[in-house]
Amino acid sequence: MSVGSATATDLVHQIFDLQRTLRCVVTAHMARVPDVGMAVQGVMRFIGEGETRATHLAARLGVSAPVLSRHVAELEELGFVTRRPDPADGRAQLLALTERGTAKLHEFEEQRSVRLRDYLADWSEADALEASQVINKLTESLKDSIRATAAGSTTTDQTA
């Protein structure tokens, strides 16, 4: 049960269209609320899922250590993130949201939720749930494929 070439091409186009549309929505919103940029909000979201090492967070976000370091420095300066030594490895640091950071993250998420509900006013709850399930399935499939490809290249590199 494979996806056909035309369907895959159409799906790629739809994903790009969605990305562009989301950028427009974000850009319009950020012009009205110049608080913390969307990239930094994304960092906060992942840190908000639980204390984590910076190296793991950078890998999960698909960014370099210097890029993440700049985002974390900005979040620290704003009082949203704290660092502490990792008890399992004194050279590593663990990142966590402060109470202020957690409150700010909830504020961001509520703002986005309100905007999305407004934009999707003509959708039913069933439509939104179906879209969420399909997007989640797509995301997980892509992540699984990326992991499998990375594992295959690591195995190939080691055997060469």
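Figured I'd write up the structure that's included with this text. Remember, predicted model here, so these are calculated numbers, not experimental data. (Residues numbered from 1 in each chain as written. Predicted model: local features only at pLDDT ≥ 70, side-chain atom pairs only at ≥ 80, totals over all residues. Heavy atoms only, no water.)

To continue, consider the packing of aromatic side chains. Scanning all chains against the criterion turns up zero aromatic pairs. Above the ring of Phe46, the side-chain terminus of Arg45 is found at 4.8 Å from the ring centroid. (Phe/Tyr/Trp six-rings, centres within 6.5 Å; stacked < 30°, edge-to-face > 60°. Lys NZ or Arg CZ within 6 Å of the ring centre and 35° of its normal.)

Neighbouring strands of a sheet are bound in pairs by backbone hydrogen bonds; such pairs are parallel or else antiparallel. Spatially, the three strands line up as an open sheet ordered β1-β3-β2, and their pairing is antiparallel. One side of each edge strand has no neighbouring strand; the edge strands of this open sheet are β1 (52-53) and β2 (81-86). In terms of strand pairing, β1 meets strand β3 (residues 89-97) through two bridges, oriented antiparallel. Bridge pairing in β3 places Thr52 opposite Leu95. (Pairing = 2+ DSSP bridges. Helix = DSSP H or I, 4+ residues; strand = E, 2+ residues; numbered from the N terminus.)

This brings us to the packing of helix α2 (residues 38-47) against helix α4 (residues 65-77). For any two helices packed against each other, the geometry is given by the interaxial angle and the distance between the axes. Taken N-terminus to C-terminus, the directions of α2 and α4 make an angle of 85 degrees; their axes are 10 Å apart at the nearest point. Relative to α4, the element α2 is oriented roughly perpendicular. Contact with α2, carried on its side by Ala39, Val40, Val43 and Met44, involves Leu68, His71, Glu74 and Leu75 of α4 and no other residues of that element. (Axes fitted to C-alpha atoms, helices over the stretch in contact; angles between N-to-C directions. Parallel < 35°, antiparallel > 145°, perpendicular 65-115°, else oblique. Contact = heavy atoms within 4.5 Å.)

What follows covers the pairing of β2. Sheet analysis places β2 next to β3, joined by six bridges and oriented antiparallel. Residue pairing in the sheet places Val81 in a bridge with Leu97 of β3.

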